[in-house]
Amino acid sequence: MKDINVIPLTAENTRALQDTIYVIGGKWKLPILFSICSGNKHFKDIQRSIPGITTRMLSRSLKELLDNKIITRRAYSDSPVIIEYEFTEYSKEYALLINQMIEWGKRHRKLIIESI
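We now turn to the structure provided with this report. For clarity, every value in this text was computed on a predicted model and none was experimentally measured.

1. Some points on the pattern of salt bridges
Under the definition given, this model contains 9 salt bridges. A salt bridge links D67 to K63; the shortest N-O distance between them is 3.0 Å. Taken together, the positions of D67 and K63, both in helix 4 (residues 55-67) and 4 residues apart, correspond to about one turn of that helix. Here K106 ties to E103 by a salt bridge, and the two come within 3.6 Å at their closest N and O atoms. Residue K106 and its partner E103 are located together in helix 5 (residues 93-115), separated by 3 residues, close to a single helical turn. Classification of K106 by relative accessible area gives exposed; the value is 52%. A single salt-bridge network, built from bridges that share partners, covers K29, R60 and E64.

The following block contains the structure:
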């Protein structure tokens, strides 16, 4: 097996990995981030783009992403009130991570299907 350049195994690096998994882990957070990254800014647009997500789960996940400063929520005082969600400047690097995960997922699916 080819050597892999891995960050050293330390308590600090393990905590950082756990923090990352906590922030973006779970069934819905990455699809939500992918949806926002793809241009969906409104609650209903995000919900429509993710098959199977409930209103409650989307609300809860958006709140957790807001609490972790991954996205922002902006309310416009139109009638009715318009709410938009966007990446924070800090979290835009997640778009690159999401793209890499999608490409890895495609390669992995192909590898598994070909081995059947």
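Structure's up, so let's keep going.
2. Regarding the packing of helix 2 (residues 29-37) against helix 4
For the pair helix 2 and helix 4, interaxial distance at closest approach is 10 Å and the crossing angle is 80°. Between helix 2 and helix 4, the crossing angle belongs to the class labelled roughly perpendicular. Two secondary-structure elements touch here, helix 2 through K29, I32, L33 and I36 and helix 4 through L58, S61, L62, E64 and L65. For the contact of helix 2 with helix 4, a count of residues per class yields 6 nonpolar, 1 polar and 2 charged.

3. Looking at the layout of surface pockets
Sizing a probe to match a water molecule and rolling it over the atoms shows the empty space that remains. Taken as a whole, the largest pocket encloses approximately 260 Å³ of empty space. Forming the walls of the largest pocket are I7, P8, L9, T10, N13, T14, A16, L17, T20, I21, I24 and L97. At 7 residues, the largest contribution of residues to the lining of the largest pocket is made by helix 1 (residues 11-24).

4. Observations concerning the side chain of E84
Take E84: it is sitting in strand 2 (residues 82-87). It is K41 that comes nearest to the buried, bridge-free E84 among opposite-charge side chains, at 4.6 Å. A distance of 3.3 Å separates polar atoms of two side chains, one belonging to E84 and the other to H42. Non-local contacts of E84, meaning those with residues more than four positions away in its chain, are made with K41, H42, T72, R73, R74 and Y76.

5. Regarding the environment of Y94
With respect to the element layout, Y94 can be found in helix 5. Judged by its relative accessible area of 14%, Y94 falls in the buried class. For the pair Y94 and C37, spaced 57 residues apart in sequence, the C-alpha to C-alpha distance is 8.9 Å. Residues contacting Y94, with those up to four places away along its chain left out, are V23, I24, I70 and F87.

What counts, and where the lines are drawn
- Counting from 1, residues in each chain are numbered in the order their sequence is written.
- Under the rules for a predicted model, residues below a pLDDT of 70 receive no local features and side-chain atom pairs below 80 are neither given nor counted, while totals for whole chains, interfaces and linings still include all residues.
- Where side-chain values are given, they derive from all heavy atoms of the structure, hydrogens and water being excluded.
- Here, a salt bridge means any Lys or Arg side-chain nitrogen found within 4 Å of an Asp or Glu carboxyl oxygen.
- Put simply, DSSP H or I for four residues or longer makes a helix, DSSP E for two residues or longer makes a strand, and each gets a number counted from the N terminus.
- With a 1.4 Å probe rolled over the protein chains alone, any residue whose accessible area is under 20% of its type maximum counts as buried; one over 50% counts as exposed, and the rest are partly exposed.
- For helices, the axis comes from a line fit to the C-alpha atoms of the stretch in contact; other axes are also lines fit to C-alpha atoms, and the angle between any two N-to-C directions lies between 0 and 180 degrees.
- Oblique is the label for any angle not covered by the other classes, which are roughly parallel (under 35 degrees), roughly antiparallel (over 145) and roughly perpendicular (65 to 115).
- The contact criterion used is simple: two residues touch if any of their non-hydrogen atoms lie within 4.5 Å.
- Three classes are used: nonpolar for Ala, Val, Leu, Ile, Met, Phe, Trp, Tyr, Cys and Pro, charged for Asp, Glu, Lys and Arg, and polar for all others, with Gly counted as polar.
- In the cavity and pocket records, a cavity denotes points on a 1 Å grid over the protein atoms alone where a 1.4 Å probe fits but cannot get out, a pocket denotes an open set with protein on both sides within 12 Å along at least 5 of 7 lines, and lining residues are residues with an atom within 4 Å of a point.
- Grid points are joined across faces, edges and corners, and a volume is the space filled by probe spheres set on the points.
- Only four residue types enter the tally: Lys and Arg on the positive side, Asp and Glu on the negative side; His and the chain ends are excluded.
- Between N or O atoms, a polar contact is any pair within 3.5 Å; within protein, one atom must be a potential hydrogen donor and the other a potential acceptor, and residues adjacent in sequence are included only when both atoms are from side chains.

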